[in-house]
Each structure stands twice: as C-alpha cells, then as structure tokens.
Amino acid sequence: MGLNIRGRSFLTLLDYTPEEIEYLIDLGAEFKRMKRCGVEHKWLSDKQIVLLFEKTSTRTRCSFEVGARDLGMGVTFLDPGSSQMGKKESLADTAKVLGRLYDGIEYRGFKQSVVEDLAKYSGVPVWNGLTDDFHPTQMLADMLTAREEFGRDLRGRKLTFFGDARNNVANSLMVACAKLGLHYCACGPKELMPSEALIEKCCAIAAETGAELEFTDDPACGARDCDILYTDIWLSMGEPAELWEQRIALLRPYQVNGALIAQAKPTAIFLHCLPAFHDRNTTVGEEIYERFGLEAMEVTDEVFLGPQARQFREAENRMHTIKAVLWATLQ
Ligand code: CP
C-alpha cells in the first residue's frame, strides 16, 4: 500500500508498474473486506463520474455504478443513443465538456485510440471499461480471484487462455501475467495468436519480472501443469455474426470441457470473464445449436457448473477492484 496514482487514467496495464498493479489488487481485497463487514466507505461524496458505453455490458456497468455509489459518488450513464459524441460533436469536444462537468470518465467501446483521446482531451482520469484491444479492469478481478485461491504471490503459476488468443481479454491477460511474473500460455489456432508487437512488449516485461510466455496450438500443452484455465466467448463484441461458422471450426478443439480440465493440475481453477455460452439458454446459444449442433461453445456445463469453476466470484470481484481504481485515481 502507499503508492500514489491519484489523477492517473487507467487505459492499459502496460502503463502501470507491477507494484502499482499489486497495490490496486490489494486495495480491491480491502474494499471487499469492508463491504463484507458492512464498513461504510463513502469517501468520495464530492465526486461525479460519467459512464460512456458504446457496447453492451452487465458486469462492467454495474460494477462501476455500485462501486461509485458505495464510495458516495454521483453517476451518469450514457449509451450510444444518449450522447452527441461522434455524431454531432467530435470526441475531443465531448471530452473537453465532460472533463469540466465530471471528476472521471469510464469508456467502453471500440478503438483503444478513443479511450486514449478521451484521457488526452478531458483532463480528468479516464478508465478503460473495454476496447477492441484491452480490458484492464477485468484483469484486476481475475488476479484477485487467483490470489484468493493460491495466495498473494502468483509468480510461477501457469494461466492458460484457450481460444481466440488475440482478443482484448487474452491480450490483457498476457500483459497482466507478464507484469506479475506468472507463466502465461496462449493456447489457440495459429491464426488467432496475439500480435507480434504486443508479444515483443510482453517479452521485454517478462525479462524483468521472471514471467514465462508460451504459445501453443496444442490444447494438451496448454492444460499441462496449468493452475488457471481461462476462456472467453469465441466471437467478440463488434465482430460480424457471419464469422461464427469459421470461428467455431477454428476454436472447437479449444473448448474447456471435462476432458481438458482433467489434464490440468488437480488444484486448478476455471475462470471466464463472462458472459459465457455454456448451454442453450440464450438466443445466440439456441441459434448456434440449431445451425451447428453445439450444446455449448467455449466451455461445457460440466466445467462451468463444476467444483473448479470460480467465474461468479470473479464477476463479484469486478466491483471490488473497480472501486479500488476509482478510489486510487480520484482520492
Ligand atoms: N466481463 C465483462 O466485461 O462483462 P460485461 O460485458 O457484462 O461488462
């Protein structure tokens, strides 16, 4: 504890040192303890924040709203239909206005450059609630959940991401693991591996922290000695539905199922950022079943409802760790 990140934006973990990331996770754990014990912490009752969502959300939006209210803040939610940004008003102009009205801005949308420009022009802390490239607040929750299982020091633990290893969550996991000294394994088809540029950055970080980075298209290699099996939806927000057929063909071998998790350590846990296609109880899940005959996609019910699943604790930890980011940057 004791680090000062007041006034900083939270756009990607690449901007943060390992000590700063550990500090935010520690703080998230402390907020969780306080909430559980009923200790009031309305420490930011003079602050107002705005949440800009250009993509849909359940966990991120609710975590920002509940976290901000627990801290005593006022919150405004804007969806794409409720603001002028990008239609009648430029991003820079919108950022300058919001920066005069609010103490901080959350943004979920498409290009990473948008969240970076919001930070550049608003003059207040901006928090990345997911872009096409990164999902940094998700990482704090994931690492807190892993710590709750394996202890505070996660160095050397093997986390394997199965699936589209160049999506925003996988990119962020590679950065988080490199920063915190874990063994990160990207397990997926060669076509869906992270960019060379990001791998190069993460290798340089890993050389400093002792992290290990592994890239494989063999699910058995990914599962071997694995402590944390992680997966995500096979088609990310913003990608066209026409890609389902191609993506399913590529990613079917990387489904996290009973046979795969049995090859990991017996103490291994399963994480998923959610939402997950683990059954047919969604419109998309039912459509996929009708078109392709799949009962589940990236994870089966056997794993999702099994004893190693921790995804709902992980979802709760979104709120505690987002609260940590809000407090640390606005205090
Ligand atoms: N994990 C996550 O970002 O969930 P939402 O899309 O529901 O916010």
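The preceding data block contains the structure.
Here the residue numbers are simple positions, counted from 1 along each chain's written sequence. Under the rules for a predicted model, residues below a pLDDT of 70 receive no local features and side-chain atom pairs below 80 are neither given nor counted, while totals for whole chains, interfaces and linings still include all residues. Water and hydrogen atoms were dropped before computing side-chain values, which therefore reflect all heavy atoms in the structure.

Caption draft 1: Looking closely at the overall build of the chain. Think of it this way: any DSSP run of H or I at least four residues long counts as a helix, any run of E at least two long counts as a strand, and we number them from the N terminus. When helices and strands are counted, the chain shows 13 helices and 9 strands. Radius of gyration: C-alpha atoms only; globule rule: 2.2 Å multiplied by the number of residues to the exponent 0.38. Taking 20 Å as the expected radius of gyration for a compact globule of 331 residues, we find that the chain reaches 19 Å, a close match to that expectation. With the C-alpha coordinates aligned to their principal axes, the bounding extent of the chain is approximately 55 × 45 × 40 Å. Here's how the labels work: a residue is buried when its accessible area is under 20% of the maximum for its type, exposed when over 50%, partly exposed in between, all with a 1.4 Å probe on protein chains only. Sorting the 331 residues of the chain into buried and exposed places 58% on the buried side. In the chain, of all internal contacts separated by at least 6 residues, the share reaching a separation of at least 24 is 76%. In these tables, accessible area is a Shrake-Rupley quantity obtained with a 1.4 Å probe, and a residue counts as shielded only by the protein chains included in the view. Of the accessible surface of the chain, which amounts to about 13800 Å², a share of 50% is contributed by carbon and sulfur atoms. Within the chain, one finds 38 positive and 49 negative side-chain charges whose respective centroids are separated by 5 Å. Note on definitions: a residue-residue contact is assigned when non-hydrogen atoms from the two residues lie within 4.5 Å. The positive count covers Lys and Arg only, the negative count covers Asp and Glu only, and His and the chain ends enter neither. For this purpose, a charge sits on NZ of Lys, CZ of Arg, CG of Asp or CD of Glu.

Caption draft 2: Focus on the layout of surface pockets. In this model, the largest pocket occupies a volume close to 750 Å³. Here the term cavity refers to a set of points on a 1 Å grid, laid over the protein atoms alone, in which a 1.4 Å probe fits but cannot get out; the term pocket refers to an open set having protein on both sides within 12 Å along at least five of seven lines, with lining residues being those that place an atom within 4 Å of a point. Lining the largest pocket are 35 residues, and of these Ile233, Leu235, Ser236, Met237 and Pro275 sit closest to its centre. Going through the elements one at a time, helix H2 (59–70), helix H6 (168–180) and helix H11 (283–292) are the ones with two or more residues in the lining of the largest pocket. Side-chain classes follow a simple rule in which Ala, Val, Leu, Ile, Met, Phe, Trp, Tyr, Cys and Pro form the nonpolar group, Asp, Glu, Lys and Arg form the charged group, and the remainder, Gly included, forms the polar group. Tallied by class, the residues present in the lining of the largest pocket amount to 12 nonpolar, 12 polar and 11 charged. Grid points are joined across faces, edges and corners, and a volume is the space filled by probe spheres set on the points.

Caption draft 3: A look at the sheet that holds strand E9 (residues 269–272). Any two strands with at least two DSSP bridges between them are considered paired. Read across the sheet, 5 strands follow the order E7-E6-E5-E8-E9 without closing on themselves; strand pairing throughout is parallel. Of all the strands in the sheet, just strand E7 (212–216) and E9 have a single pairing partner and so form its edges. The sheet shows a mean angle of 20° between the axes of neighbouring strands, taken without regard to direction. Contacting strand E5 (158–162), strand E8 (228–231) and E9, helix H5 (residues 136–150) runs over the sheet at an angle of about 165° to E9. Contacts from H6 reach E5, strand E6 (183–187), E7 and E8, with the element oriented near 165° to E5. Each axis is a line fitted through C-alpha atoms, taken for helices only over the stretch in contact, and angles between the N-to-C directions span 0 to 180 degrees.

Caption draft 4: Summary view of the nonpolar core. Of all hydrophobic cores here, the largest spans 64 residues; its most connected members are Leu24, Ile49, Met143, Leu159, Tyr184 and Leu326. Top element by residues in this core is H6. It accounts for 9 residues. When near neighbours in sequence (up to four residues on either side) are disregarded, Tyr184 contacts Leu159, Phe161, Ala170, Leu173, Met174, Cys177, Glu212, Leu213 and Glu214. Among buried residues, those of type Ala, Val, Leu, Ile, Met, Phe, Trp, Tyr and Cys that are joined through side-chain atoms within 4.5 Å constitute a nonpolar core. Ile248, Leu260, Ala276 and Met297 belong to the second largest nonpolar core, which has 31 residues in total.

Caption draft 5: Broad picture of the site of the ligand. Only a single heavy atom is needed: when it lies within 4 Å of a molecule or strand, its residue is near that molecule or strand. Contacts to the ligand come from Ser57, Thr58, Arg59, Thr60, Arg108, His135, Gln138, Cys273, Leu274 and Arg318. Polar contacts, as used here, are pairs of N or O atoms within 3.5 Å; protein pairs need one atom able to donate a hydrogen and one able to accept it. Residues neighboring in sequence count only if both atoms are side-chain atoms. In the environment of the ligand, an oxygen atom lies 2.9 Å from a nitrogen or oxygen atom belonging to the side chain of Arg108. Here a nitrogen atom of the ligand sits 3.1 Å away from a polar atom, N or O, in the main chain of Leu274. Taking 260 Å² as the accessible area of the ligand by itself, protein coverage stands at 96%. Each molecule is checked against the cavity or pocket grid, and it sits inside if more than half of its atoms lie within 2 Å of the grid points. Placement of the ligand is best described as lying within the largest pocket. When the residues that make up the shell around the ligand are grouped by side-chain class, the tally is 2 nonpolar, 5 polar and 3 charged.

Caption draft 6: Seen up close, the packing of H2 against helix H13 (residues 311–330). Taken N-terminus to C-terminus, the directions of H2 and H13 make an angle of 50°; their axes are 8 Å apart at the nearest point. In terms of orientation, H2 lies oblique with respect to H13. Once H2 is placed against H13, the crossing between them reads as right-handed. In this structure, H2 uses Arg59, Thr60, Ser63, Phe64, Val66, Gly67, Ala68 and Asp70 to contact H13, whose residues at the interface are Ala315, Arg318, Met319, Ile322, Lys323 and Leu326. Here the contact of H2 with H13 is composed, by residue class, of 7 nonpolar, 3 polar and 4 charged. Oblique is the label for every angle not falling under 35 degrees (roughly parallel), over 145 degrees (roughly antiparallel), or within 65 to 115 degrees (roughly perpendicular). Each helix crossing is assigned a hand: it is left-handed if the near helix lies turned anticlockwise from the far helix by less than a right angle, otherwise right-handed if that turn is clockwise.

Caption draft 7: Quick peek at the pattern of salt bridges. The working definition used for a salt bridge is a side-chain nitrogen of Lys or Arg within 4 Å of a carboxyl oxygen of Asp or Glu. Under the defined criterion, the tally for this structure stands at 25 salt bridges. Among the salt bridges present, the one from Lys35 reaches Asp70, with a minimum N-O distance of 2.6 Å. With Lys35 in helix H1 (residues 18–37) and Asp70 in helix H2, this pair connects stretches of sequence that are 35 residues apart. For Asp70, a relative accessible area of 17% puts it in the buried group. With its nearest N and O atoms 2.8 Å apart, the salt bridge here joins Arg310 to Glu149. Separated by 161 residues along the polypeptide, Arg310 in the loop between helix H12 (301–304) and H13 and Glu149 in helix H5 bring together distant segments of the chain. Overall, Glu149 belongs to the partly exposed group, its relative accessible area being 30%. Residues participating in the shared-partner salt-bridge network are Glu22, Asp26, Arg147 and Arg152.

Caption draft 8: Highlighting the pairing of E6. Judged by how many residues are buried, E6 sits mostly within the fold: 5 of 5 residues are covered. The side-chain alternation of E6 yields two buried faces, one formed by His183, Cys185 and Cys187 and the other by Tyr184 and Ala186. Pairing geometry for E5 and E6, over 5 bridges, is parallel. Bridged to Leu159 within E6 is Tyr184. Here a crossover is taken to be right-handed if, once the strands point away from the viewer, the path from the first strand over the helix to the second is traced clockwise. In this fold, E5 hands off to H6, which returns the chain to E6; that crossover is right-handed.

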